[in-house]
Amino acid sequence: MRLRLPERISGSLPAGSIAVHCVLDNEEVGSGTKQGAASTFLKDTLMRINSSLGFSEDNYLMALASSFMVSADNAHSVHPNYKDKADPTNRPYLNHGIVIKYNANQKYTTDAVSAAIFKSICERAKVPCQVFTNRSDMAGGSTLGNISNTQVALNTVDIGLPQLAMHSPYETGGVRDTFYLVTAATTFFSSALQAKKDGVYRLI
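Basis of the calculations
- Residues numbered from 1 in each chain as written.
- Predicted model: local features only at pLDDT ≥ 70, side-chain atom pairs only at ≥ 80, totals over all residues.
- Heavy atoms only, no water.
- Axes fitted to C-alpha atoms, helices over the stretch in contact; angles between N-to-C directions.
- Helix = DSSP H or I, 4+ residues; strand = E, 2+ residues; numbered from the N terminus.
- Parallel < 35°, antiparallel > 145°, perpendicular 65-115°, else oblique.
- Left-handed = near helix turned anticlockwise from the far one by under 90°.
- Contact = heavy atoms within 4.5 Å.
- Nonpolar A, V, L, I, M, F, W, Y, C, P; charged D, E, K, R; others polar.
- Expected span 1.5 Å × (residues − 1).
- Buried < 20%, exposed > 50% of the residue type's maximum accessible area, 1.4 Å probe, protein only.
- Arc of directions from axis to C-beta.
- Pairing = 2+ DSSP bridges.
- Phe/Tyr/Trp six-rings, centres within 6.5 Å; stacked < 30°, edge-to-face > 60°.
- Lys NZ or Arg CZ within 6 Å of the ring centre and 35° of its normal.
- 1 Å grid on protein atoms, 1.4 Å probe; cavity = no way out; pocket = protein on both sides within 12 Å on 5 of 7 lines; lining within 4 Å.
- Points joined across faces, edges and corners; volume = space filled by probe spheres on them.

A.B. asks: I'd like a description of the packing of helix α1 (residues 41-52) against helix α2 (residues 57-65), backed by residues and values.
C.D. replies: In a pair of packed helices, the angle between the axes and the distance between the axes together describe the arrangement. Look at α1 against α2: their axes get within 10 Å of each other, and the N-to-C directions meet at 120°. Considering the angle they form, α1 stands oblique to α2. Helix-helix and strand crossings are classified by hand; for α1 and α2 the assignment is right-handed. Contacts from Lys43, Leu46, Met47 and Asn50 in α1 reach Glu57, Asn59, Tyr60 and Leu64 in α2. Partitioning the contact of α1 with α2 into residue classes produces four nonpolar, two polar and two charged.

A.B. asks: Help me get a handle on helix α5 (residues 175-189), residues and values and all.
C.D. replies: For α5, with 15 residues, the first-to-last C-alpha span of 22 Å sits near the 21 Å given by 1.5 Å per residue. Every buried residue belonging to α5 is among Asp177, Tyr180, Ala184, Thr187 and Phe188, and all of these are buried. Looking straight down α5, one finds that the buried residues subtend no more than 100° of arc, so they occupy a single side. Residues of α5 that are exposed and point over 90 degrees away from its buried face: Val175, Phe179 and Val182. Where α5 is buried, its residues touch β1 (2-4), β3 (68-76), β4 (98-102), α3 (112-125) and β6 (155-164).

A.B. asks: Give a description of the pairing of β4 that names residues and reports values.
C.D. replies: Across a regular strand the side chains alternate sides, sitting on one face of the sheet and then on the other. Buried residues dominate β4, accounting for four of its five residues. Bridge count for β4 against strand β5 (residues 129-133) is five bridges, and the pairing is parallel. Bridge pairing links Val99 to Gln130 in β5. Relative to β6, β4 runs antiparallel, the two being bridged by two bridges. Along β6, the bridge assignment pairs Ile100 with Ile159.

A.B. asks: Tell me about the packing of aromatic side chains, and name the residues and values.
C.D. replies: Centre-to-centre distance and the angle between the planes together describe a pair of aromatic rings. Under the definition given, this model contains four aromatic pairs. Across the ring face of Tyr108, the terminal group of Lys101 is positioned such that the distance to the ring centre comes to 4.9 Å.

A.B. asks: I'd like a rundown of unusual backbone geometry, residues and numbers included.
C.D. replies: A positive phi angle is found at Asn95, which is not glycine, with a value near 65°. Tracing the chain through its elements places Asn95 in the loop between β3 and β4. You will see that Gln106, though not glycine, has its phi angle at about 65°, which is positive. Residue position: Gln106 is located in the loop between β4 and α3.

A.B. asks: How would you summarise the pairing of β6 if you had to cite specific residues and measurements?
C.D. replies: Within β6, 10 of the 10 residues are buried, leaving the element largely enclosed by the surrounding structure. The pairing of β3 with β6 spans nine bridges and is classified as parallel. From the neighbouring strand, Met69 faces β6, where its bridge partner is Thr156. Two strands pair when backbone bridges link them, and β6 and strand β7 (residues 172-173) are joined in this way by two bridges, in the antiparallel orientation. Note that in β7 the partner of Gln163 across the bridge is Gly173.

A.B. asks: Quick rundown of the environment of Gly97? Include the residues and the values.
C.D. replies: Topologically, Gly97 is positioned in the loop between β3 and β4. Owing to a relative accessible area of 0%, Gly97 belongs among the buried residues under this scheme. With 30 residues separating them along the chain, Gly97 and Val127 place their C-alpha atoms 6.8 Å apart. Non-local contacts of Gly97, meaning those with residues more than four positions away in its chain, are made with Pro128, Cys129, Gln130, Pro162, Asp177 and Tyr180.

A.B. asks: Got a sec to walk through the layout of surface pockets? Specific residues and values, please.
C.D. replies: Looking at the largest pocket, its volume works out to about 730 Å³. Contributing to the lining of the largest pocket are 34 residues, with Ala75, His76, Tyr108, Met166 and His167 lying nearest its centre. Where the lining of the largest pocket is concerned, the elements lending two or more residues are β3, α4 (144-148) and β6. Here the lining of the largest pocket is built from residues that sort into 13 nonpolar, 13 polar and eight charged. In this structure, the second largest pocket spans a volume of roughly 570 Å³.

The structure is reproduced here in structure tokens:
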């Protein structure tokens, strides 16, 4: 994620952002542990960073409002043996790019704003992206981004690399997609997101 810092009134520190890489534990047992996505671990860490820089709680909340998080996991690709399981319109394929994941029941965090921001990152990185959504008559899982947003609410996009047979002993992915994600992540962490007061976001 990119935590956007507020301007210091004193002007002694220029405005900028801090890159944060968060890896949370216990996803497969529900994320409800003290170090899981549903805990206050990420929130507490960010608040301590904010406090150590001399900012107030109000500054912290404003920083969150203009920050951005990428929740990165994997994504279901169309499986050649189970094509009927895939949504008829949004069908990711191996080696066709990073997948932006949507869920009408909000199990994924992606919305119009976060998707547009991530597409801009992909355009800057010159990597392709594609779309995944569950079939409307089939339930899907959730992500750590969705869970952690209950403690740290900020613009978040859920993405993943397309793969076959998620959670099976043999998961199959594409080598090109791995390269695409490394390139997009490098672009993301070397950029900053500027949030304007009129609701316009700009990648700088």
